[in-house]
Protein chains: 2
Amino acid sequence: MKLQLQIKMNEALFLRNPESSELGKNILKHSIQLIDRTGFELFTFKKLAEEIGTTEAGIYRYFENKHKLLVYLTAWYWGWLEFQIIFQTNNIKDPIIKLKKVIKLLAQAVKDDEQTSHINEHSLHKIIISEGSKAYLTKHVGEDNKQQFFKPYKDLCAAVGQIVSECNPTYKYPKSLASTIIEMAHFQNFFMHHLPSLTDFGKEKKESEIISFLNDLVFSSIKKV
Amino acid sequence: MKLQLQIKMNEALFLRNPESSELGKNILKHSIQLIDRTGFELFTFKKLAEEIGTTEAGIYRYFENKHKLLVYLTAWYWGWLEFQIIFQTNNIKDPIIKLKKVIKLLAQAVKDDEQTSHINEHSLHKIIISEGSKAYLTKHVGEDNKQQFFKPYKDLCAAVGQIVSECNPTYKYPKSLASTIIEMAHFQNFFMHHLPSLTDFGKEKKESEIISFLNDLVFSSIKKV
DNA sequence: TTATTTTTGATAGTATTACTACCTTTTTAT
DNA sequence: ATAAAAAGGTAGTAATACTATCAAAAATAA
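The sections below set out a description of the structure shown in this document.

Rules used in this analysis
- Residues numbered from 1 in each chain as written.
- Chains lettered and ligands numbered in written order.
- Predicted model: local features only at pLDDT ≥ 70, side-chain atom pairs only at ≥ 80, totals over all residues.
- Heavy atoms only, no water.
- Salt bridge = Lys/Arg side-chain N within 4 Å of Asp/Glu carboxyl O.
- Helix = DSSP H or I, 4+ residues; strand = E, 2+ residues; numbered from the N terminus.
- Buried < 20%, exposed > 50% of the residue type's maximum accessible area, 1.4 Å probe, protein only.
- 1 Å grid on protein atoms, 1.4 Å probe; cavity = no way out; pocket = protein on both sides within 12 Å on 5 of 7 lines; lining within 4 Å.
- Points joined across faces, edges and corners; volume = space filled by probe spheres on them.
- Nonpolar A, V, L, I, M, F, W, Y, C, P; charged D, E, K, R; others polar.
- Contact = heavy atoms within 4.5 Å.
- Buried area = accessible area lost by both parts, 1.4 Å probe.
- Near = heavy atom within 4 Å.
- Polar contact = N/O pair within 3.5 Å; in protein donor to acceptor, adjacent residues only side chain to side chain.

Right, let's get into the pattern of salt bridges. Using the criterion set out here, one finds 15 salt bridges over all chains in the structure. A:R37 serves as the salt-bridge partner of A:E51, at 3.2 Å between the closest nitrogen and oxygen. Taken together, the residues A:E51 in helix 2 (residues 45-52) and A:R37 in helix 1 (residues 22-38) connect sequence positions 14 residues apart. Residue classification places A:E51 among the partly exposed residues on the basis of a relative accessible area of 31%. Note that B:D36 and B:K126 form a salt bridge whose closest N and O atoms lie 3.3 Å from each other. With B:D36 in helix 1 (residues 22-38) and B:K126 in helix 6 (residues 121-131), the pair connects residues that are 90 residues apart, well separated along the chain. The exposure class of B:D36 is buried, given its relative accessible area of 17%. Since its relative accessible area comes to 38%, B:K126 is described here as partly exposed.

In structure tokens form, the structure reads like this:
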């Protein structure tokens, strides 16, 4: 049996559903490649069109602009990750083991998921690390938020915060700790590779060390005294 | 006696020193205003020139492009903040009290500093919160780092990490904890105002709550057991 | 089946952005 | 007073971020 995982996306993120056609899927596939390669600033719809073998206008019929495409990709990633978390922590009763598993999933490099043929999760994970925060660090974050663009991210945070609260119902900052874990899983990775003196993992550059740091940070904080 | 605080800037960040002329100072002053108002994406040298009453080419004689200007402003801020920290924690022996003071300085809204007439620190602090990470989240972070553009940020992190180590010499992640404190002082502020469900301070929206969260996070982590 | 509408994709523009080259005026040094 | 160098302005260009229009293909309705 071959399952095909489909993530339900917010309709306001696109003009035409990219999952609904070959060109659409090509846009997703090649935009991930191209953003990963050039960075979001130098990424343009013209370059993307050339890469795919279509025209700029073709891309514009799917996505209003490159920012919406980035928000789409990040939303897709958060949705996918929450599914991974639900799937992989299923049947785990102990919230502490659950939280450790979540930290691992957040901080660990992603293997490409066979269930989603046109999305390369490994590249997408790198994009989230380098470009992810640009999705919301804008002046129009308020309107974007009203349109629920960040719902998958907020849902994931809420789910992590929930597990934190299960570990210690008296802990006062479950949501802020959750967003801290998620952001730092990515920022410490970026720092480790590009500004290593901002971390303690500059020499080894191993994700396992980030995981250890986050585990220490989280479980010291929520430990009941 | 009126002191004039001058922060020594990396010469590779500008083509002509903006502190050396009226136009240069105007560029700093109005770019801070304009970036704060429009956000970095919509900020252009043309708009800035109109605001000042000069021309685009005039701005380009001081800064190569708007990214360099952003890096300049962030570097200035980190330099200024490190001076504030050194000044305000001077004579404090106890590293724990020192660290608490640092967290407060990092997370607290900034009052405009009279010593720097053409820089509005309050607006600059808002820019750091919303745009600061864009200074290094680029593909050319490596070259920028080689040119020491991020030295003030790294120095500040090192200084904070140093105090962490003084609090507990056996703590394993002083640098990562330092960068976490600094980043989260800003991110939690951004979230609190724009994506409040990612924090536990959505209702009150008070910086004092961010400070409490960071204090709890930091001192649970470095507590000797 | 044919006619009609809708979808899909390509062509050719425009306004804005990000710069560059070149020229004039002002300041400073001798 | 004169030369030089610094500061400032004008007028471009190439690329980016779109938009409007057109043509072909596919879906659907009569």
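This part covers the layout of surface pockets. Estimated volume of the largest pocket: approximately 790 Å³. In this structure, the largest pocket is lined by 32 residues; those nearest its centre are A:F40, A:E41, A:K66, B:F40 and B:E41. The set of elements that each furnish at least two residues to the lining of the largest pocket consists of helix 4 (66-88) of chain A together with helix 4 (66-89) and helix 7 (141-146) of chain B. When residues in the lining of the largest pocket are grouped by element, the largest group, 4 residues, is from helix 4 of chain B. Classifying every residue of the lining of the largest pocket by side-chain character gives 6 nonpolar, 12 polar and 14 charged.

Further remarks concern the interface of chain B and chain A. Chain B puts 49 residues into the contact, and the matching count from chain A is 49 residues. Summed over both partners, the interface of chain B with chain A buries about 4100 Å², with 65% contributed by carbon and sulfur atoms. The tally of links between chain B and chain A comes to 0 salt bridges. Those elements that provide at least two residues to the side of chain B that touches chain A are helix 1, helix 6, helix 7, helix 8 (151-167), helix 9 (174-194) and helix 10 (207-222) of chain B. Of the residues forming the side of chain B that touches chain A, the biggest block, 13 residues, is contributed by helix 9 of chain B. Across the side of chain B that touches chain A, the residue classes break down as 21 nonpolar, 15 polar and 13 charged.

Residues in contact with DNA strand C amount to 14 residues; listed here are only the nearest, A:L23, A:T54, A:R61, B:Y60 and B:N65. In DNA strand C, atoms within 4 Å of the protein come from the sugar-phosphate backbone in 46% of cases. Between DNA strand C and A:R16 there is a distance of 3.2 Å, counted from a phosphate oxygen to a side-chain nitrogen or oxygen. Between a base nitrogen of DNA strand C and a side-chain N or O atom of B:E56, the distance comes to 3.2 Å. Here the surface near DNA strand C takes 3 residues from helix 3 (residues 56-60) of chain B, the largest share from any one element. Classifying every residue of the surface near DNA strand C by side-chain character gives 5 nonpolar, 4 polar and 5 charged.

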